[in-house]
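Inside the fold
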Amino acid sequence: MNPEMITGVPERRCAELAGRSDADIGGELLGRLAVHSAVDHDTLARWADSALTFGRELAATANGNPDLDVTERTGGVEPGRRILLAEYRSRPAGVVVYTDAVERAESLIDEVGWREWYPAGSVRAAAVAHETAHQLLHGPAATRLRRRVGKVALRLGSWTVHAHVVGAPELAAHGFAAAAAGLARTPVLLTAALGELAAALRHPAERDV
Ligand SMILES: [Zn+2]
């Protein structure tokens, strides 16, 4: 067994992630989307920073968060693919929290020593807040986010048209969740680490192969 493996995630990789800013990590996550593959690192990090900040501000100004129905189930850990903490369901409107994924995330935080940033129990609160943000990021808020992130699609004299940046709402939701759950760092860092963990996990049947 590789001594570096803790819960399947290389410790060095987590330390490397923790040493970077959330905007930098967010930019990397955006860059993995095919649509942004030709965009340079600094632009991606700037988009990520703007979206995270927008989300934080939205949490501070949103009055009366939508009261979403929260249900719990297992099935959020998909070895080799992803670890899904929660998801939004539209009919009926509500949030599904994946308890197995939340437990994995909580133990990862302990193992890599990130409690200072993500207090015990905060993963679930942040996951629910994240889905709440997605519900708020429609209509006028979506337009404001587009303007804030600032990818210029077209300029006609003094008139500027801003294009939608794919992935920006996801980062805004992370910024929102950080503010709503009182986190010192946004869940972007945790999301990146969980992505590494998911990739390192294998289905039980594959383990002895
Ligand atoms: Zn999301």
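An account of the accompanying structure is given in this report. Here the structure is a predicted model, which means the values were calculated and not measured.

Thresholds, definitions, all that
- Residues numbered from 1 in each chain as written.
- Predicted model: local features only at pLDDT ≥ 70, side-chain atom pairs only at ≥ 80, totals over all residues.
- Heavy atoms only, no water.
- Core = buried A, V, L, I, M, F, W, Y, C linked by side-chain atoms within 4.5 Å.
- Buried < 20%, exposed > 50% of the residue type's maximum accessible area, 1.4 Å probe, protein only.
- Contact = heavy atoms within 4.5 Å.
- Helix = DSSP H or I, 4+ residues; strand = E, 2+ residues; numbered from the N terminus.
- Polar contact = N/O pair within 3.5 Å; in protein donor to acceptor, adjacent residues only side chain to side chain.
- Salt bridge = Lys/Arg side-chain N within 4 Å of Asp/Glu carboxyl O.
- Phe/Tyr/Trp six-rings, centres within 6.5 Å; stacked < 30°, edge-to-face > 60°.
- Lys NZ or Arg CZ within 6 Å of the ring centre and 35° of its normal.

This part is about the nonpolar core. Grouped together as the largest cluster of nonpolar side chains are 59 residues, with contacts concentrated most on Leu-85, Trp-114, Leu-145, Leu-190 and Leu-194. Setting aside residues no more than four positions away along its own chain, Leu-190 makes contact with Ala-105, Leu-108, Ile-109, Trp-114, Tyr-118 and Val-123.

A word on the side chain of Ser-122. Looking at the secondary structure, you find Ser-122 in helix H5 (residues 122–136). Engagement of the side chain of Ser-122 in a polar contact is seen with the backbone oxygen of Pro-119, the distance being 2.6 Å. Sequence-distant contacts of Ser-122, defined by excluding residues within four places in its chain, comprise Glu-106 and Leu-183.

Further remarks concern unusual backbone geometry. Of the consecutive residues Arg-91 and Pro-92, the connecting peptide bond is found in the cis state with omega at -5°. Mapped onto the elements of the fold, Pro-92 is located in the loop between strand E6 (86–89) and strand E7 (94–98).

On to the pattern of salt bridges. Applying the stated criterion across every chain, the model contains 15 salt bridges. Between Asp-110 and Arg-115 there is a salt bridge, with the nearest N and O atoms lying 3.0 Å from each other. Members of the salt-bridge network, linked through shared partners, are Arg-13, Glu-16, Arg-20, Asp-24, Glu-28, Arg-32 and Glu-196.

All told, the structure shown has one aromatic pair when counted by the stated rule. Aromatic pair Trp-114 and Trp-117: ring centres 6.2 Å apart, planes at 45°, arrangement tilted. By relative accessible area, Trp-114 is classed as buried at 4%. Exposure remark for Trp-117: the relative accessible area of 22% places this residue in the partly exposed category. When the ring centre of Trp-117 is taken as origin, the NZ or CZ atom of Arg-185, which lies over that ring, is 4.8 Å away.

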